[in-house]
Amino acid sequence: MLASRTLRRLTGLLMLVLGVSHVMQLWLQPLDGTVIYTALFGVVYLLVSLGLSGQSRFTLWLGILVPAAGSYAGYLRYHLVGPTPFTVAHIAASLLVVALCVTILYRSRHAIMD
């Protein structure tokens, strides 16, 4: 079992990669409202990834809520606009971040710190 600190760093790194790939869509996709919205969401991902480098539980809650909302928005985009190369990967990675943040939060609230 990985240490909570290692899981937190891994989650922060994954959020960083997600944030960069969301912003990167500005250059790789045709520019429309959904791409701008996605890039703005990527900036929020980047800010949450910075917070995950610390010890705050608040950023863990943000690490659950923001990617969950992003996954839902990606799901809607997938069905309304159509699939892009990024959509399915972003949804899967965001749900992985949610699962990791829930695990870390559970460990911190139940004193399973290692």
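What you see is a predicted model, and the numbers here were worked out from it, not measured in a lab.

Rules used in this analysis
- Residues numbered from 1 in each chain as written.
- Predicted model: local features only at pLDDT ≥ 70, side-chain atom pairs only at ≥ 80, totals over all residues.
- Heavy atoms only, no water.
- Helix = DSSP H or I, 4+ residues; strand = E, 2+ residues; numbered from the N terminus.
- Buried < 20%, exposed > 50% of the residue type's maximum accessible area, 1.4 Å probe, protein only.
- Core = buried A, V, L, I, M, F, W, Y, C linked by side-chain atoms within 4.5 Å.
- Contact = heavy atoms within 4.5 Å.
- Phe/Tyr/Trp six-rings, centres within 6.5 Å; stacked < 30°, edge-to-face > 60°.

1. Structural notes on the environment of Thr103
- For Thr103, the position within the fold is in helix α4 (residues 87-109).
- Overall, the relative accessible area of 35% leaves Thr103 in the partly exposed class.
- Taking the C-alpha atoms as reference, Thr103 lies 8.6 Å from Ser4; in sequence the two are 99 residues apart.

2. Regarding the nonpolar core
- Judged by nonpolar contacts, the single largest core of 17 residues is most densely connected at Met15, Tyr45, Leu52, Leu60 and Cys101.
- Of all the elements in the fold, those that place two or more residues in this core are α1 (4-28), α2 (33-51), α3 (57-80) and α4.
- For Leu52, the contacting residues outside a window of four places in its chain are Arg8, Thr11, Gly12, Met15, Thr59, Leu60 and Cys101.

3. Re the packing of aromatic side chains
- In the structure shown here, the tally under the stated rule is 2 aromatic pairs.
- Between Tyr37 and Phe41, the ring centres sit 5.6 Å apart and the planes meet at 50 degrees, which makes this aromatic pair tilted. One end of the pair, Tyr37, and the other, Phe41, are both in helix α2, 4 residues apart, so they sit about a helical turn from each other.
- On the accessibility criterion, Tyr37 (45% relative accessible area) is partly exposed.
- An angle of 55 degrees between the planes, with centres 5.6 Å apart, marks the rings of Phe41 and Tyr45 as tilted. Of this pair, Phe41 and Tyr45 both sit in helix α2, 4 residues apart, roughly one helical turn.

4. So, the environment of Ser94
- Structurally, Ser94 can be placed in helix α4.
- If we skip the residues at most four places from it in the chain, Ser94 touches Leu18, Tyr45, Pro67 and Ser71.

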